[in-house]
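# Close look at the chain arrangement
Read off the chains here:
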Amino acid sequence: MRAGVLILGRHPAERLVKMVKLSEACGYDFFWYADQRFFREVYASLALCAVHSMRIVLGPCVTDPYSRHPAMTAAAIATVDEISGGRAVLGIGAGYSGFAEMGLQREKPALAIREAIALIRLLLAGGKVDFQGKATSFSGKLDFPTRPDIPIYIASNSPKTLELAGEVADGVIISSCVSERVIKPAQELVANGARRRGRDPREIEFVARIDTCVCPDSRLAKAAVKPRIARQLMSDYPHFNFMAPLGLEVPLALRQKIAEIGYSHDPALVSAVADLVPDEFVDHLSLAGNAVEVAEKVNEMLCLGVDQITIYPMPAVEDDLEETIRSFAEEVRPRVHILQASAIL
């Protein structure tokens, strides 16, 4: 089992450095940093992490092909790779945050991602590039030496882009995929794309990016992740499309509360919705509970073929993300190893 940590750019530089050092000391394999407009800048933050770490792999989770030209993304990730001594990985997806504010249109995302990856790989390979696509174009080169095989992971839950990941990516990142009802269809789509290009689907790393809270009191852990689920429901009202594969019905009282409030980031309003989120939703979308409960879920995911668990740590106690980072590494992972070993025996 490979494990990663995803951090949003909410935290000042001093705390970010402590987090990457903690993640590396706890044995995590990946440290992902969100490219979220308009938080702290992703590549400057990753460069800082590179200087203050030695082993852990570093990358954006995830950037997009719209808000930054793919040639600039190639230059940025190659710079992080150079600073880190070859530890960079590029996560890319369709994105959405900040697009409205910047007047950007999210058009033909699968095509835009395909062309972005093609251009980035050409630029990383070195030499002059003349690329004329439908979504992007570029004529020129990167003016410094780069590692040509920086891994590229596609993040998506959409069928077309999952198939694209099977065709062109080194890994695929799926969010909120604790349930077999989400994992298996996603794996099939990735495999379809891989087979279309004559690739072995097993060569593509399957990463589950999961909101996570580990706490001795399961009730506190579940309560910690419910606001995230509430915001998902509020943003997807009235269709709740992301719930469809899970076969879960949104209770009437919850629907009515969301209709009354609309979409909001106001903590008080989100909390009013979160209070109505059933525990069953938490179980299908998050890793939340005590160490034993979370380890059992992680083991089930690994048995389904998930290769990497990347946690988005949620604090059971206000603003204590570090405790979840430690607990997952020190209490959950050892239990998962025992469960995996028992299955082999």
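What counts, and at which threshold
- Residues numbered from 1 in each chain as written.
- Predicted model: local features only at pLDDT ≥ 70, side-chain atom pairs only at ≥ 80, totals over all residues.
- Heavy atoms only, no water.
- Helix = DSSP H or I, 4+ residues; strand = E, 2+ residues; numbered from the N terminus.
- Rg over C-alpha atoms; globule rule 2.2 N^0.38 Å.
- Buried < 20%, exposed > 50% of the residue type's maximum accessible area, 1.4 Å probe, protein only.
- Areas by Shrake-Rupley, 256 points an atom, 1.4 Å probe, with all protein chains shown as cover.
- Lys, Arg positive; Asp, Glu negative; His and termini not counted.
- Charge placed at Lys NZ, Arg CZ, Asp CG, Glu CD.
- Pairing = 2+ DSSP bridges.
- Axes fitted to C-alpha atoms, helices over the stretch in contact; angles between N-to-C directions.
- Parallel < 35°, antiparallel > 145°, perpendicular 65-115°, else oblique.
- Left-handed = near helix turned anticlockwise from the far one by under 90°.
- Contact = heavy atoms within 4.5 Å.
- Nonpolar A, V, L, I, M, F, W, Y, C, P; charged D, E, K, R; others polar.
- Expected span 1.5 Å × (residues − 1).
- Bend = angle between axes of the 7 residues up to and from the residue.
- Polar contact = N/O pair within 3.5 Å; in protein donor to acceptor, adjacent residues only side chain to side chain.
- Core = buried A, V, L, I, M, F, W, Y, C linked by side-chain atoms within 4.5 Å.
- Salt bridge = Lys/Arg side-chain N within 4 Å of Asp/Glu carboxyl O.

Within the chain, the secondary structure is distributed over 13 helices and eleven strands. At 20 Å, the chain has a C-alpha radius of gyration in line with the 20 Å of a compact globule built from 345 residues. The principal-axis extents of the C-alpha atoms in the chain amount to approximately 55 × 45 × 45 Å. A buried classification covers 53% of the 345 residues belonging to the chain. Of the accessible surface of the chain, which amounts to about 15,500 Å², a share of 53% is contributed by carbon and sulfur atoms. For the chain, the centre of its 38 positive side-chain charges and the centre of its 43 negative side-chain charges are spaced 4 Å apart.

The next thing to look at is the pairing of strand S6 (residues 137-140). In terms of strand pairing, strand S5 (residues 129-132) meets S6 through four bridges, oriented antiparallel. Across the sheet, the residue bridging to Val129 is Gly140, located in S6.

Axis separation between helix H6 (residues 159-168) and helix H7 (residues 180-196) bottoms out at 6 Å; the angle between their running directions is 50°. In terms of orientation, H6 and H7 fall into the oblique class. Considering how the two elements wind past one another, H6 and H7 form a crossing that is right-handed. Two secondary-structure elements touch here, H6 through Pro159, Leu162, Glu163, Gly166 and Glu167 and H7 through Ala186, Leu189, Val190, Asn192, Gly193, Ala194 and Arg196. Class assignment for the residues of the contact of H6 with H7 results in six nonpolar, three polar and three charged.

Now for helix H13 (residues 321-344). A rise of 1.5 Å per residue sets the reference length of H13, with its 24 residues, at 34 Å; its end C-alpha atoms lie 33 Å apart and thus fit the reference within 8%. Roughly 35° is the biggest bend found in H13, and it falls at Val332, with proline Pro334 one to four residues downstream. Within H13 the residues assigned to the buried category are Leu321, Glu322, Thr324, Ile325, Ser327, Phe328, Ala329, Val332, Arg333 and Val336. If you follow the buried residues of H13, they end up packed against strand S1 (2-7), helix H1 (13-25), strand S9 (205-214), strand S10 (286-289), helix H12 (291-303) and strand S11 (308-313).

What follows concerns the side chain of Arg37. Relative to the helices and strands, Arg37 is located in the loop between strand S2 (30-33) and helix H2 (42-51). Of the polar contacts made by the side chain of Arg37, one reaches the backbone oxygen of Asp35; its length is 2.9 Å. Looking at Arg37, its side chain comes within polar contact range of the side chain of Asp64, at 3.1 Å. Ignoring sequence-local partners within four residues, the contact set of Arg37 consists of Asp64, Ser67, Tyr96, Ser97, Gly98, Phe99 and Met102.

Among the nonpolar cores identified, the biggest contains 117 residues, and Tyr28, Phe31, Leu233 and Phe328 are the most heavily contacted of them. The residues contacting Phe328, other than those within four sequence positions of it, are Met1, Ala3, Tyr28, Thr212, Val214, Leu287, Val294, Val298, Ile309, Ile311 and Arg333.

Moving on: the side chain of Asp81. With respect to the helices and strands, Asp81 occurs in helix H3 (residues 70-84). Those residues in contact with Asp81, other than ones at most four positions away along the chain, are Gly86, Arg87, Ala88, Arg147 and Ile150.

The next thing to look at is the packing of helix H8 (residues 218-235) against helix H10 (residues 267-274). Two elements in contact, H8 and H10, have axes separated by 8 Å at closest approach and are oriented at 95°. The angle between the axes of H8 and H10 places the two elements in the roughly perpendicular class. Across the interface between the two elements, Lys226, Pro227, Ala230, Arg231 and Met234 from H8 touch Val270, Val273 and Ala274 from H10.

One pass over the structure, following the stated rule, counts 26 salt bridges. Ionic pairing is found between Glu205 and Arg2, a salt bridge with its closest N-O pair at 2.7 Å. Taken together, the positions of Glu205 in strand S9 and Arg2 in strand S1 put the pair 203 residues apart, joining distant regions of the chain. One salt bridge in this structure joins Glu163 and Arg196, with 3.0 Å as the shortest N-O distance.

In terms of burial, S11 is largely enclosed, as six of its six residues are buried. Alternating positions in S11 separate into two faces, Gln308, Thr310 and Tyr312 on one and Ile309, Ile311 and Pro313 on the other, with burial throughout. Note: S1 against S11, four bridges, orientation parallel. Within S11, the residue paired with Ala3 across the bridge is Ile309.

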